[in-house]
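What follows is the residue order along each chain.
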Amino acid sequence: FHGTHPRNVLAIAEKGFDDSKRAGQAFGSGEYFAKDPSVSVGYSKGGCFMFVCQLCLGHESSTEANLDGDHIWVPDCSYYVISRPQQALPVYIVEFESGTRPYDGVESQEHLKAELAEPVLGLGASRDTRFIDLCLDGSNDKIPAFPAAWWNGDLAPFSGELYYDEENPHGSGRFSGLAAGKVVVVRRGGGKFAAKAEEARRAGARALLVVQREGAGPLVPMSGAATPDGSFAAAMIDEAAGARLLGLCGSPSGARIASASRRAPEKEVPANRPCAMSAASTDALWLGYLHAHFADQQLEGDVRRFLERHVAQVGRPEVRIVRGKFTQAKVKLSVELPRKEVQALNSKPFVECGVERSVTVDDAHGSSGQKCPRSIAGYCRGRNLRYVDPCWCQHGPLPTEGATYTMEDVPLQSAKGDEIVSAFMQSAPFHSGTPRVLAVRSIENRRLQRQHESYRRYLTEKNGAAPRQVELYHGTSVKILDTVYRHGLFPPSDTDASEECPVSGGKGLRTSLCDNGCKFCTRRHAWDRCHMFGLGVYLGDLAQKSHRYVSGVDRDAGGVHRMVVCSVLFGDALKLEGHLTTGQAMHDVFSLRALGPDDMPRMVTALGEEGGRMPVEQKDILFVKGLRGCCRPGFSVFNSEYISFHPYQCLPLYEIAYEVQ
């Protein structure tokens, strides 16, 4: 935590810490941070804001000059003195109840509150790429607009003459014939978004702009059942921009929007590749690549129309748009399609948002010898699945093949050692006794670190923002820790571990460590009160919870337990707050990307709303909220847990060796 005067908060958030502004320096030269937030309250100068920061500790300095290392640890006060400003990243601004007022009056604090209340606070080069920018004719000013959830992605309709009907200010009634061919501006209120859009469409308008109410807060995506074709262009603009447009609509000369542009750059799709299907038939198709700037609803409709036009008796296929580095579609068929018909689809016309082109269509399960198109950040989830959604492509060796790692003792009284031990002991005692930490060791695996950074870049590109990084616990069999430290934490297979297998046998494992080509691990893994929320990597924010999953401890050798502390890249989390409909409802979930919008209501009785802005299948990690006293054993959990479905989302950082008394 770091406390500072309210007038400094925005400058630190935008530009970071400034070593020319240092003062005091009682314990050495550097930026000061406290482990206890109550300490930082005193440095907030009577204000009610402080920072939570991520610190890059490096090595400890030997003198107060803080020159021969990267930080000074003051154990008596639990202070971190950080040598260089670049080592401290402001992550959160916390507002708290102070009971006092800033030493120089309330003006600076009230100004800060007003700034933080802005709908979009763009510091530095930060801009919300969900928005589009509207440019008025004869002006270089750009008006930010938040497109409707149903918008198909076509920018052209937003350009045109503006029209405001004073007799129908909220667009809740019929528009006059003057709205035809124009961009209609209405005020928020007086009806549903979709109903306003439908009235504008019926009047022949090009697009609809809804002006946010004054004081209503951040802009929100317009949702609801869209117009019949699901493509009518609509967006919301803030009150200030709306007042300007409404004023121009009432002027004699009128006004028009000259152009509209995306904040996120449009990506070119890769060239089509040949169909590699070798199986006689398939129940799943892969289509790609698609243009990422079109909405999921538009692309899903385009894929459905393509199949209905070119495939006899296609029925009602299940279509999902998958977004990663490139956008693609996966289609689950009710009837298997012969290879000859799949190959023929590659020469058929595909109409994408009104533009005719061709597209690659292939077996979604892959083919032997084919380069895998499903790999994300160096990993294909289907490579160790044999039953639920296998991938039979040629995957090659893992990026960590031949990797080595080193381990180094972390002194328990050092800054990092103290942080790890105190967090670990916070949830003691455990269900089996009181733990005592014996040692903490850091894990260094350069290849695995590179894969972790590659996954960070993937999440940053996918979500338009750097992912939040947290440290979580993982408990597993101590017999496989060498594999974990070499290759990472892999999501479980859907096959049982065979005792005859030289890789997976003899370790007390439920599921195989092998890929789907193993000749020993072939029996399908069945639910046995395990993998409650899917075939993923389970992590906890309480050591007490992860301790329950530590196994394989040799009691004859001192009974030393080992738990792993991992760096976990969150991205956009899917929040699950509720009870499973049955104990095994989610057991076979192997990836969030495989979930459709109707799957979660079928599997979970929700007690709260799921969080995040992405559709379910575009989430990056599953957050299962602990229900404490409302927990139903076997259907929900007491303490929270996190489930990852990608091995490089988690990086083993530290091993905690401990005994339980």
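Preceding block: the structure.
Notes on the structure follow. Remember, predicted model here, so these are calculated numbers, not experimental data.

## Digging into the packing of aromatic side chains
Here is step 1 of the chain: By the definition in use, this model includes 20 aromatic pairs.
Here is step 2 of the chain: Note on Phe131 and Phe146: the rings are 5.0 Å apart at their centroids and 40° apart in plane angle, and the pair reads as tilted. Separated by 15 residues along the polypeptide, Phe131 in the loop between helix 3 (107-116) and strand 7 (132-136) and Phe146 in strand 8 (residues 142-147) bring together distant segments of the chain. Residue Phe131 shares its accessibility class with Phe146, and that shared class is buried.
Here is step 3 of the chain: For the ring pair Tyr455 and Tyr458, a centre distance of 5.4 Å and an interplane angle of 45° mean the geometry is tilted. Linking Tyr455 with Tyr458, this pair stays in helix 9 (residues 446-463), spanning three residues, or about one helical turn.
Here is step 4 of the chain: Assessed through its relative accessible area of 11%, Tyr458 is described here as buried.
Here is step 5 of the chain: Site record: aromatic cluster; members linked through ring pairs are Phe424, Phe430, Tyr473 and Tyr658.
Here is step 6 of the chain: Taking NZ or CZ as reference, Arg632 lies 4.8 Å from the ring centre of Phe635, over its face.

## Section: helix 6 (residues 296-310)
Given 3.6 residues per helical turn, the α-helix brings residues three or four places apart onto the same face.
Here is step 1 of the chain: Its 15 residues place the ends of helix 6 21 Å apart at the C-alpha level, agreeing with the 21 Å of an ideal helix rising 1.5 Å per residue.
Here is step 2 of the chain: Every buried residue of helix 6 is accounted for by Asp296, Gln298, Leu299, Gly301, Asp302, Val303, Arg304, Phe306 and Leu307.
Here is step 3 of the chain: Those residues of helix 6 hidden inside the fold are in contact with strand 14 (281-290), strand 15 (318-323), strand 16 (327-338), helix 7 (339-345), strand 17 (350-352) and strand 19 (360-363).

## Quick notes on the sheet that holds strand 6 (residues 88-95)
Here is step 1 of the chain: With respect to topology, three strands assemble into an open sheet ordered 1-3-6, the strand pairing being antiparallel. A single partner strand is all that each edge strand has here, and the edge strands are strand 1 (2-3) and strand 6.
Here is step 2 of the chain: In the sheet, strand 3 (residues 49-55) pairs with strand 6 via seven bridges, with the strands oriented antiparallel. Within the sheet, the bridge partner assigned to Cys53 lies in strand 6 and is Pro90.
Here is step 3 of the chain: Its contacts with the sheet put helix 1 (residues 6-15) on strand 3 and strand 6, and the angle it makes with strand 3 is roughly 25°.
Here is step 4 of the chain: Packed on one face of the sheet, helix 3 meets strand 3 and strand 6 and runs near 60° to strand 3.

## Overview of the nonpolar core
Here is step 1 of the chain: One finds Phe424, Tyr455, Tyr473, Met563, Tyr654, Ile656 and Tyr658 to be the most contacted residues of the largest nonpolar core, which totals 27 residues.
Here is step 2 of the chain: Every element with two or more residues in this core is listed here: helix 8 (415-425), strand 21 (435-444), helix 9, strand 24 (561-569) and strand 30 (650-660).

## Regarding the pattern of salt bridges
Here is step 1 of the chain: All told, the structure shown has 36 salt bridges when counted by the stated rule.
Here is step 2 of the chain: The closest approach of N and O atoms between Glu352 and Arg357, which form a salt bridge, is 2.9 Å.
Here is step 3 of the chain: Under the relative-accessibility criterion, Glu352 is labelled buried at 2%.
Here is step 4 of the chain: On the accessibility criterion, Arg357 (19% relative accessible area) is buried.
Here is step 5 of the chain: Among the ionic pairs, Arg456 bridges to Glu453, the shortest N-O distance being 3.0 Å. With Arg456 and Glu453 both in helix 9 and three residues apart, this pair spans about one turn of that helix.
Here is step 6 of the chain: The structure contains a network of salt bridges with shared partners spanning Glu198, Glu199, Arg201 and Arg202.

## Brief notes about a nonpolar patch on the surface
Here is step 1 of the chain: A grouping of Leu89, Val91, Tyr92 and Val94 is seen on the molecular surface, where their side chains present a nonpolar patch of about 310 Å² in accessible area.
Here is step 2 of the chain: By secondary structure assignment, the location of Leu89 is in strand 6.

## Considering unusual backbone geometry
Of all residues except glycine, most have a negative phi; of all peptide bonds, most are trans.
Here is step 1 of the chain: In this structure, Tyr289 follows Gly288 across a cis peptide bond, with omega equal to -10°.
Here is step 2 of the chain: As for its placement among the helices and strands, Tyr289 is situated in strand 14.
Here is step 3 of the chain: Each neighbour pair has its own omega, and for Ala428 with Pro429 the value is 0°, a cis peptide bond.
Here is step 4 of the chain: Its location among the elements puts Pro429 in the loop between helix 8 and strand 21.
Here is step 5 of the chain: Phi angles above zero are rare outside glycine, and Ser78 is one such case at about 55°.
Here is step 6 of the chain: The phi dihedral of Arg529 falls on the positive side, at around 55°, and the residue is not glycine.
Here is step 7 of the chain: Along the chain, Arg529 falls in the loop between helix 10 (481-487) and strand 23 (537-540).

What counts, and at which threshold
- Residues numbered from 1 in each chain as written.
- Predicted model: local features only at pLDDT ≥ 70, side-chain atom pairs only at ≥ 80, totals over all residues.
- Heavy atoms only, no water.
- Phe/Tyr/Trp six-rings, centres within 6.5 Å; stacked < 30°, edge-to-face > 60°.
- Helix = DSSP H or I, 4+ residues; strand = E, 2+ residues; numbered from the N terminus.
- Buried < 20%, exposed > 50% of the residue type's maximum accessible area, 1.4 Å probe, protein only.
- Lys NZ or Arg CZ within 6 Å of the ring centre and 35° of its normal.
- Expected span 1.5 Å × (residues − 1).
- Contact = heavy atoms within 4.5 Å.
- Pairing = 2+ DSSP bridges.
- Axes fitted to C-alpha atoms, helices over the stretch in contact; angles between N-to-C directions.
- Core = buried A, V, L, I, M, F, W, Y, C linked by side-chain atoms within 4.5 Å.
- Salt bridge = Lys/Arg side-chain N within 4 Å of Asp/Glu carboxyl O.
- Patch = residues over 30% accessible without salt bridge, like charges linked within 9 Å, V, L, I, M, F, W, Y side chains within 5 Å.
- Areas by Shrake-Rupley, 256 points an atom, 1.4 Å probe, with all protein chains shown as cover.

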